[in-house]
Amino acid sequence: MNAAVATSVFGAFMVVTVALGLLAVRGRGNRGRDGLAEWSVGGRSLGTVFIWVLMAGEGYTSFSYLGAAGWGYNYGAPVLYVVAYMSCGYAVGYVVGPMLWAYARRHGLVGITDMVAHRFGRPWLGALVAVLATVFLLPYIQLQITGMGVVVSTISYGAISLNWAYFIAFAVTTGFVVVSGLRGSAWVSVLKDVLVIATLGFLAFYVPMHYFDGYGPFLDRLVTEKSEWLTFPGHGDSGLGQAWFITTSFLNSLTVVIFPTTVAGYLGAKNADVLRRNAMWLPAYNVLLFVPMLLGMAALFVVPGLVGAESNLALFRLVVDSLPAWAVGVIGVAAALSSIVPMAVFMLVIGTMWGRSVLSLVPRWQQRQKGAAQTVVVAAGVTALVLTYTAPNTLVRLSLISYEGMAQLLPMVLLGLVWRRLTLLGAMAGLVVGVGVVCGFVFTENDPVWGVNAGIVALGANLAVALVVTYAGPREHDDRPDGDVLARDEPEERQETAGSREPELSGVGVSEASDAPAGA
């Protein structure tokens, strides 16, 4: 009976999810060539609320219910790096977001692959970055499929197998993102955020009261019996000390602002002020992250002895053991939507990158970029699903370098857009060195290295090589004015003027630049 009730609640909400995604684009026509701007960045028309829930949805994934609780259960204090880097990242995004928004709007671009191709005047560079970014993003799709699968199987009391749960995750997400794109993800994010805030607010109150008679007794017991979890480097020989915490928070706060999914959120805004307001309000959402972290440590006393992947179920073990089936179903829906929304954006971004920067290089696909992007969305989802079934460890191993690998795009994207002197050769040399160093450290199990995040060591090498090659190599010539090459955060009145004459998404910005030498 419990399984039937919880599964029915879950199924009803999944129907509502797909319906919301499809209703989001009802009656909206295509804009620009083949509607790619409408599909991939919501027609650049999303307001403060939709951008807030969309970008909060990207940050609050299934990791927040599973991984954050699991880290709290296994290590304790080091998991706070998530709150630190996201809050600092929003501060960086206050400056970077409007700058990227203005650059993309001025040149009719839809992602970071477009931006680097336009900046350096090389369409093939956009294709290269798209391939590299896809390698780093695919593991996130697989992790969201796996996370949702674990949630669905758990809340159904085992009635739905993991394999079927994986397929449900893929089918629901693909069902609306192919049709509705970013706007559909934003609409579904509203439902997700309502459920997340309600369920975590309830659990923050319920669990300490139910199991410990209040926060006082719970925290007293935590300090007395599990004090190791409350200091760095946390429980066990994790190596996650203060230096690791600082370097990881710093690296991730920079990386998150150029992460392709974050940039998709930036470009969906109707103006730069939306992004500034968003950067001020998003840290408030991070307060919710303390709930699964704290409840993960509460689970140490209620369900001790969880090891390996089982520790990720610490929070849901408390939920399933103490709440009625309908409540388990609602909490499971909130967790499932925390997988679906970011997974949808990951798939959409991969599709956009390939449709815009890779397949558009093939003449027959140049006039069908939206169709190409939608095809790639399905292909990316199928690839992640198949690997989840057949070779889950392949993408799990790649996920070890995902964030640190994406960080190596920072000099090419951010430095390149504010400093004209950076050459294509310098940016490429730095990227190769940075990715190589990250792979070397991570795959030889030397991360952290010397007590710090290996990604920041790789980024330092990346930046050093880029600067040396730029200054030592030949100075490149580019006849384009600074306004066509560099990114600037334009005043609001100029944005309104630019918005009235936004270029069609016809690849003009990239194709015109490709006739000129690379940026000087």
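These numbers were taken from a predicted model, which means no experiment stands behind them.

1. Concerning the overall build of the protein chain
And then number 1: Scanning the protein chain for helices and strands turns up 25 helices and 0 strands.
And then number 2: When burial is assessed residue by residue, the protein chain has 59% of its 520 residues classed as buried.
And then number 3: Long-range contacts, defined here as pairs at least 24 residues apart, represent 84% of the contacts in the protein chain between residues at least 6 apart.
And then number 4: Of the roughly 19000 Å² of accessible surface on the protein chain, 66% is carried by carbon and sulfur atoms.

2. A closer look at the nonpolar core
And then number 1: Grouped together as the largest cluster of nonpolar side chains are 160 residues, with contacts concentrated most on Tyr65, Met115, Ile141, Leu203 and Met412.
And then number 2: In this structure Met412 touches Val116, Phe120, Leu125, Val129, Ala427, Met428 and Leu431, once residues within four positions along its chain are discounted.

3. Remarks on the side chain of Ser338
And then number 1: Here Ser338 lies in helix H16 (residues 325-358).
And then number 2: Using a relative accessible area of 0% as the deciding quantity, one classes Ser338 as buried.
And then number 3: In this view, Ser338 contacts Tyr60, Thr61, Ser62, Tyr65, Gln144, Lys192 and Val196; residues no more than four positions away in its chain are not counted.

4. Focus on the packing of helix H9 (residues 162-212) against H16
And then number 1: At a minimum axis distance of 6 Å, the contact between H9 and H16 shows a crossing angle of 140°. Pair H9 / H16 crosses with left-handed handedness.
And then number 2: Classifying every residue of the contact of H9 with H16 by side-chain character gives 22 nonpolar, 7 polar and 1 charged.

5. Regarding the side chain of Glu404
And then number 1: Positionally, Glu404 belongs in helix H19 (residues 402-406).
And then number 2: Ignoring sequence-local partners within four residues, the contact set of Glu404 consists of Leu251, Val438, Val442, Asp447, Asn453, Ala454 and Gly455.

6. Quick notes on the packing of aromatic side chains
And then number 1: One pass over the structure, following the stated rule, counts 20 aromatic pairs.
And then number 2: Between Tyr81 and Tyr85 the ring centres are 5.9 Å apart and the planes differ by 25°, which places this aromatic pair in the stacked class. Linking Tyr81 with Tyr85, this pair stays in helix H6 (residues 81-107), spanning 4 residues, or about one helical turn. Residue Tyr81 shares its accessibility class with Tyr85, and that shared class is buried.
And then number 3: Both rings, one in Tyr85 and one in Tyr403, keep their centres 5.9 Å apart while their planes meet at 65°; by these two values the pair is edge-to-face. Of this pair, Tyr85 sits in helix H6 while Tyr403 sits in helix H19, and the two are 318 residues apart along the sequence.

7. Here we look at the environment of Val95
And then number 1: By the secondary structure assignment, Val95 is in helix H6.
And then number 2: Between the alpha carbons of Val95 and Ala272 there is a distance of 9.9 Å; along the sequence they are 177 residues apart.

8. Some words on the environment of Trp419
And then number 1: Take Trp419: it is sitting in the loop between helix H20 (410-418) and helix H21 (424-443).
And then number 2: Looking at Trp419, the relative accessible area reads 22%, which means it is partly exposed.
And then number 3: C-alpha separation for the pair Trp419 and Leu486, spaced 67 residues apart in sequence, amounts to 7.2 Å.
And then number 4: Ignoring sequence-local partners within four residues, the contact set of Trp419 consists of Arg119, Leu467, Thr470, Tyr471 and Leu486.

9. Observations concerning a nonpolar patch on the surface
And then number 1: A surface patch of nonpolar side chains, about 470 Å² in accessible area, is lined by Tyr94, Val95, Met280 and Trp281.
And then number 2: Among the secondary structure elements, those contributing two or more residues to the nonpolar patch are H6 and helix H13 (272-285).

10. Some details on unusual backbone geometry
And then number 1: Cis rather than trans, the peptide bond between Phe232 and Pro233 has omega equal to 5°.
And then number 2: By the element assignment, Pro233 lies in the loop between helix H10 (215-225) and helix H11 (242-255).
And then number 3: Each neighbour pair has its own omega, and for Asp447 with Pro448 the value is 5°, a cis peptide bond.
And then number 4: Mapped onto the elements, Pro448 comes out in the loop between H21 and helix H22 (454-472).
And then number 5: Phi is positive for Asp213, close to 65°, though the residue is something other than glycine.
And then number 6: Residue Glu445 is not a glycine yet carries a positive backbone phi of 60°.
And then number 7: Note that Glu445 resides in the loop between H21 and H22.

11. What about the confidence of the model for the protein chain?
In regions of low pLDDT, the predicted coordinates are not meant to be interpreted in detail.
And then number 1: Mean pLDDT over the protein chain: 85, with 89% of residues reaching 70 or higher.
And then number 2: In the model, residues 30-34 has pLDDT below 50 throughout and makes 18 contacts with residues more than four positions away in sequence or in other chains.

12. Focus on the pattern of salt bridges
And then number 1: Enumeration according to the criterion identifies 7 salt bridges in this entry.
And then number 2: Here Arg420 and Asp478 are joined by a salt bridge, their closest N and O atoms 4.0 Å apart. Separated by 58 residues along the polypeptide, Arg420 in the loop between H20 and H21 and Asp478 in the loop between H22 and helix H23 (482-485) bring together distant segments of the chain.
And then number 3: Residues Arg420 and Asp482 are paired through a salt bridge, measuring 2.6 Å at the closest nitrogen-oxygen approach. Linking Arg420 in the loop between H20 and H21 with Asp482 in helix H23, this pair joins segments that are 62 residues apart in sequence.
And then number 4: A relative accessible area of 16% means that Arg420 is categorised as buried.
And then number 5: Counted as one network, the salt bridges with shared partners bring together Arg420, Asp478, Arg480 and Asp482.

13. A closer look at H20
And then number 1: The element H20 is extensively covered by neighbouring structure, given that 7 of its 9 residues are classed as buried.
And then number 2: Every buried residue of H20 is listed here: Leu410, Pro411, Met412, Val413, Leu414, Gly416 and Leu417.

14. Points about the environment of Phe259
And then number 1: Structurally, the position occupied by Phe259 is in the loop between H11 and helix H12 (260-267).
And then number 2: Judged by relative accessible area, Phe259 falls into the buried class, the value being 4%.
And then number 3: Sequence separation between Phe259 and Leu137 is 122 residues, and the spatial gap between their C-alpha atoms is 9.5 Å.
And then number 4: For Phe259, the contacting residues outside a window of four places in its chain are Leu137, Tyr140, Phe346, Tyr403 and Met406.

15. Describing the packing of H12 against H16
And then number 1: Between H12 and H16, the shortest axis-to-axis distance is 9 Å and the interhelical angle comes to 85°. With respect to each other, H12 and H16 are oriented roughly perpendicular. The segment H12 lies against H16, with Pro260, Thr261 and Ala264 engaging Val345, Phe346 and Val349.
And then number 2: Here the residues of the contact of H12 with H16 sort into 5 nonpolar, 1 polar and no charged.

About the cut-offs
Residues numbered from 1 in each chain as written. Predicted model: local features only at pLDDT ≥ 70, side-chain atom pairs only at ≥ 80, totals over all residues. Heavy atoms only, no water. Helix = DSSP H or I, 4+ residues; strand = E, 2+ residues; numbered from the N terminus. Buried < 20%, exposed > 50% of the residue type's maximum accessible area, 1.4 Å probe, protein only. Contact = heavy atoms within 4.5 Å. Areas by Shrake-Rupley, 256 points an atom, 1.4 Å probe, with all protein chains shown as cover. Core = buried A, V, L, I, M, F, W, Y, C linked by side-chain atoms within 4.5 Å. Axes fitted to C-alpha atoms, helices over the stretch in contact; angles between N-to-C directions. Left-handed = near helix turned anticlockwise from the far one by under 90°. Nonpolar A, V, L, I, M, F, W, Y, C, P; charged D, E, K, R; others polar. Phe/Tyr/Trp six-rings, centres within 6.5 Å; stacked < 30°, edge-to-face > 60°. Patch = residues over 30% accessible without salt bridge, like charges linked within 9 Å, V, L, I, M, F, W, Y side chains within 5 Å. Salt bridge = Lys/Arg side-chain N within 4 Å of Asp/Glu carboxyl O. pLDDT = per-residue confidence, 0-100. Parallel < 35°, antiparallel > 145°, perpendicular 65-115°, else oblique.

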